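Fold and geometry: a report
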Amino acid sequence: MSVMIGGAKAWKVRQHGDIGVSFQWINEEPAMVLFPARRAIARAGAYVICLSAAFRYADSTTGAPTPYLVRQAAAAALQLGFARTDTFAYRKIAEVIVDSLPDLVAMPPEPTGLNAQEQATVGELAIKLDGQTIAEHEVSAPTMEELVTLQ
């Protein structure tokens, strides 16, 4: 099974500077996918937060960032291709995650009958939990024209 970042199958796609955010379904679960908005970053990947893990990123009573968010923002920055010492990227990613959590929670269940057009595979997606790979999929990405029509 392949996973397309954004495109016709996404519920919502938006851009925060160098970081793209796609709200889509991964294994039938609502998920937020962070990816580099500019494809020029070598060895860049995507970072996925599924709805079932969203509670780990912000305190449900205060909305304050959690220590888990701080660690995962650094991990996401590396996954997206930012430099290991780019603390500005860590902070930006943490802000994007916290700002995007309400949209993730508001996502509806996956509609039935979504048929995305076949697109070329651009990489592989490995979903990791506590450092262990729990799922792997091929990844395809829409063209910039397809992203523009979604916004």
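Structural data are supplied above this passage.
A short tour of the structure in this document, coming up. Note that residues are indexed from 1 along each chain, following the sequence as it is written. Where local features are concerned, this predicted model is filtered to residues with pLDDT of at least 70; where side-chain atom pairs are given and counted, the filter is 80 or more; whole-chain, interface and lining totals use all residues. Only hydrogens and water are set aside when side-chain values are computed; all heavy atoms of the structure are taken into account.

**Things to note about the pairing of strand β3 (residues 19-26)**
Only protein chains enter the accessibility calculation, which uses a 1.4 Å probe; a residue whose area is less than 20% of its type maximum is buried, one above 50% is exposed, and one in between is partly exposed. Where helices and strands are cited, they refer to DSSP runs of H or I of at least four residues and of E of at least two residues respectively, numbered from the N terminus. In terms of burial, β3 is a largely internal element, eight of the eight residues being buried. For strand β2 (residues 12-16) and β3, the ladder comprises five bridges, and the chain directions are antiparallel. Bridge pairing in β3 places H16 opposite I19. Where β2 hands over to β3, the hairpin turn is made up of two residues, of which G17 adopts a positive phi near 65°. Should DSSP find at least two bridges between two strands, the strands are taken to pair. For β3 and strand β4 (residues 29-36), the ladder comprises eight bridges, and the chain directions are antiparallel. Bridge pairing links Q24 to A31 in β4. Hairpin connection, β3 to β4: the antiparallel pair is bridged by two residues, and N27 has positive phi, about 50°.

**Description of the packing of aromatic side chains**
Two aromatic rings, drawn from Phe, Tyr or Trp (for Trp, its six-membered ring), form a pair once their centres lie within 6.5 Å of each other, and the interplanar angle then sorts them: stacked below 30 degrees, edge-to-face above 60, tilted otherwise. Considering all chains together, one arrives at two aromatic pairs under this definition. Plain terms: the ring middles of W11 and F23 are 6.4 Å apart, the flat faces sit at 90° to each other, and that makes the pair edge-to-face. You can see W11 sitting in the loop between β1 (2-4) and β2 and its partner F23 sitting in strand β3, a full twelve residues away along the chain. Residue F23 is classed as buried on the basis of its relative accessible area, which comes to 0%. Aromatic pair Y57 and Y68: ring centres 5.2 Å apart, planes at 75°, arrangement edge-to-face. Note that Y57 is positioned in the loop between β5 (47-50) and α1 (67-79) and Y68 in helix α1, a separation of eleven residues in sequence. For Y68, a relative accessible area of 17% gives the class buried. Here, over-ring charges are defined by two tests on the NZ atom of lysine or the CZ atom of arginine: distance to the ring centre within 6 Å, and angle to the ring normal within 35 degrees. The side chain of R56 reaches across the aromatic face of Y68, ending 5.4 Å from its centre.

**Quick look at the nonpolar core**
M32, L34, Y57, I93, I97, L101 and L104 are the most contacted members of the largest nonpolar core, which totals 28 residues. Mapped onto this core, the elements with two or more residues apiece are β3, β4, β5, α1 and α2 (87-106). Here the element with the most residues in this core is α2; it accounts for eight residues. Contact between two residues is taken to exist if any of their heavy atoms lie within 4.5 Å; hydrogens are not considered. Leave out the neighbours within four places in its chain, and M32 touches V21, S22, F23, Y47, V48, I49, I97, S100, L101 and L104. Each nonpolar core is a collection of buried residues, namely Ala, Val, Leu, Ile, Met, Phe, Trp, Tyr and Cys, held together in the definition by side-chain atoms within 4.5 Å. Of all hydrophobic cores here, the second largest spans 15 residues; its members include V3, V13, L125 and I127.

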